[in-house]
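Letter by letter, the chains look like this.
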Amino acid sequence: MRRLNRGLSSIQSIMTWSFSIFIVLVLTIVAVLLHDKFSRTAERSAYLSTRQIVNQVSFSLEDYVRSMSSLYRAIEDNMLADGEWDDEQVKKQLDTLLSSRDDIVSIALFDDRGTLLENRPAAPVRESAHITRQSWFHSAIRVPDHLSFSFPHIQNMYKGTYKWVVSMSKGITVYRGGKEMHVILLVDINFKQIELLCSRVSLGQKGYVYIIDEGAGNIVYHPQQQLIYMGLKSENVEQALITQDSYIDEYSGLKRLNTVKSVANIGWKIVGVSYLDEIMTTREEVNRYLVRVLAVVLILVILVSMLLASTLSRPIRRMERTMKSVERGDFNVELPVRGPLEVVQLSSRFNMMLHKIRGLMDQIVMEQESKRKYELEALQAQINPHFLYNTLNSVVRMVGMSRNEEVITMITSLSRLFRISLSKGKTVITVQEELEHARHYLTIQQMRFKQKFRFSIEADEEALSCLTLKLVLQPLIENAIVHGIEYMVEEGMIRVSAAVEDRALLLKVEDNGVGMAPDKAAKLLKGDGREKSGPGSGVAVKNVHDRIQLYYGFPYGLEFESEPEEGTTVRIRIPLIRDEAKEE
């Protein structure tokens, strides 16, 4: 969980999600605006398309009615020009016209009492036809010299013909044989042609077109005419009669768009019916398309955001790895100075900080080295006053006893001892000089302790030219005399030797004094052995041990080996360093 939280709070994650959410938010707003715009445009286009289709039907029907009106006038001119409608030439022309036009069912001429004067094709009128009761006859008589169109009806005037027709009729005054005569010219048009004009219209899968009469609101044409007659289907004719544009109604739970258009010269209205659920299909398609586009864009945005965030955060991750290396103590790393301006500036400043840290660390090392040298000099300074105090005590005592020759010998040894101690301010001297210093010290102490001990100094030739810290033997010899030999009844023996062993210089001080327990010898190097203060208290021995470790490191220093009544051996191990100048 913690790793997950760290991952979510990383700069890369924040940048990725911020970019993604921002761009998705912008895309969502754009998609909503586009959806509203597309939907309105689609609906407007659907309404306009329905209007155009209804208008086209209206225009086609008007053209057809106009062409039929022209045809009617041509028949009127040829048939009634001289009142010779029974002329053979006229009959031939009418027969030719009928044979060339499938949409004209019959042509007939009646007088104002309904008596048939001429008809083509020639056929007897049924007695039950009652011509004067026909609606087209009434229209022609009522408004003479005006071409009237009847409702679609079944032509039943002649035997054997029962076609759906629309009758064109007109009351005309002609002169025949010099007498004025009122006749009615009837031309029956096959309704199938009008039906074809309307049935070919497509207003979606469920839409259709129907025709009503503007005067009485009767349905002239309907694709489901039989259902209308059977009362199984109805139309909102009243609304269509008073509407000149479009309106929306509801039928069987479905909303419909009704577009109305009047047909000139015939008194009909064309009503186009479109179902809104089909129109709204366009909106749903737009919705699905926008959702798909939004999903694809979202995926691309996330991928681009991840790539962009990874690119921008890469210098930060590189800096994090470099900082971890510095945290582990590797200060020799550096950041590459490249990339955007901010990264270049940050990397440069980080590298400058590392350079400064390395400089400070070098300065600290130099200061520690200086401090170590100062501590070494301070420890050595503690030795000289202590030794001088003991030696001068001995000299004073011998002078008081008038032992002049011994005083001369002691003063001479003391002079040479101090000359070696000074060593022109050097801290390191040769083993030969250190042994010479030990010899003069032992001479002084032997005289001081009245020949209570003997001593010997031995050294390998190879060890004499090696270098050592000065004055490391004198405190150990003093310790051997004070704590090992001074209280012996017998004569003591001190052996000082120098040798090279295992690529190291080994100095050894041995005595056959009273010795001490091993645990007590081990405490000497910790500063808590023997007496806490005074001559031979062990402070000088620990000083020697500390000086060696400060100068040469912790692997070197003193080792004590002691047994009660057997004596003590102190070994000094220091690195093998030869005096190159002296060897040359």
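Structure: above.
Remember, it's a predicted structure, so these values are computed and weren't measured experimentally. (Residues numbered from 1 in each chain as written. Predicted model: local features only at pLDDT ≥ 70, side-chain atom pairs only at ≥ 80, totals over all residues. Heavy atoms only, no water.)

## Comments concerning the environment of Phe-453
Here Phe-453 shows up in strand S13 (residues 453-459). When residues no more than four places from it in sequence are discounted, the contact partners of Phe-453 are Leu-442, Gln-445, Gln-446, Ile-481, Ile-485, Glu-491, Gly-492, Met-493 and Ile-494. (Helix = DSSP H or I, 4+ residues; strand = E, 2+ residues; numbered from the N terminus. Contact = heavy atoms within 4.5 Å.)

## Comments concerning the nonpolar core
Counting 48 residues, the largest nonpolar core has Leu-473, Ile-477, Ile-494 and Ile-572 as its most contacted members. Counting residues per element, this core draws most heavily on helix H12 (residues 431-448), which supplies seven residues. If sequence neighbours within four positions are ignored, Ile-477 has contacts with Ala-438, Tyr-441, Leu-442, Val-496 and Val-509. (Core = buried A, V, L, I, M, F, W, Y, C linked by side-chain atoms within 4.5 Å. Buried < 20%, exposed > 50% of the residue type's maximum accessible area, 1.4 Å probe, protein only.)

## So, the pairing of strand S17 (residues 557-563)
As defined by bridge partners, S17 adjoins strand S18 (residues 567-575) across seven bridges and the pair is classed as antiparallel. Note on S18: the bridge partner recorded for Glu-563 is Gly-567. Connecting the antiparallel pair S17 and S18 is a turn made up of three residues, with Glu-565 showing a positive phi of about 65°. (Pairing = 2+ DSSP bridges.)

## Here's the deal with the packing of H12 against helix H14 (residues 474-485)
As a packed pair, H12 and H14 sit with axes 10 Å apart at the nearest point and diverge in direction by 30°. Comparing the axis directions of H12 and H14 gives the class roughly parallel. When the axes of H12 and H14 are compared, the crossing they make is right-handed. Taking contact as the criterion, the partners of Glu-434, His-437, Ala-438, Tyr-441, Leu-442 and Gln-445 in H12 are, on H14, Gln-474, Ile-477, Glu-478 and Ile-481. When its residues are assigned to classes, the contact of H12 with H14 shows five nonpolar, three polar and two charged. (Axes fitted to C-alpha atoms, helices over the stretch in contact; angles between N-to-C directions. Parallel < 35°, antiparallel > 145°, perpendicular 65-115°, else oblique. Left-handed = near helix turned anticlockwise from the far one by under 90°. Nonpolar A, V, L, I, M, F, W, Y, C, P; charged D, E, K, R; others polar.)

## Side note on the packing of aromatic side chains
Applying the stated criterion across every chain yields a total of five aromatic pairs. Between Trp-136 and Phe-137 the ring centres are 5.9 Å apart and the planes differ by 80°, which places this aromatic pair in the edge-to-face class. Given a relative accessible area of 4%, Phe-137 falls into the buried group. Aromatic pair Tyr-208 and Tyr-210: ring centres 6.3 Å apart, planes at 40°, arrangement tilted. (Phe/Tyr/Trp six-rings, centres within 6.5 Å; stacked < 30°, edge-to-face > 60°.)

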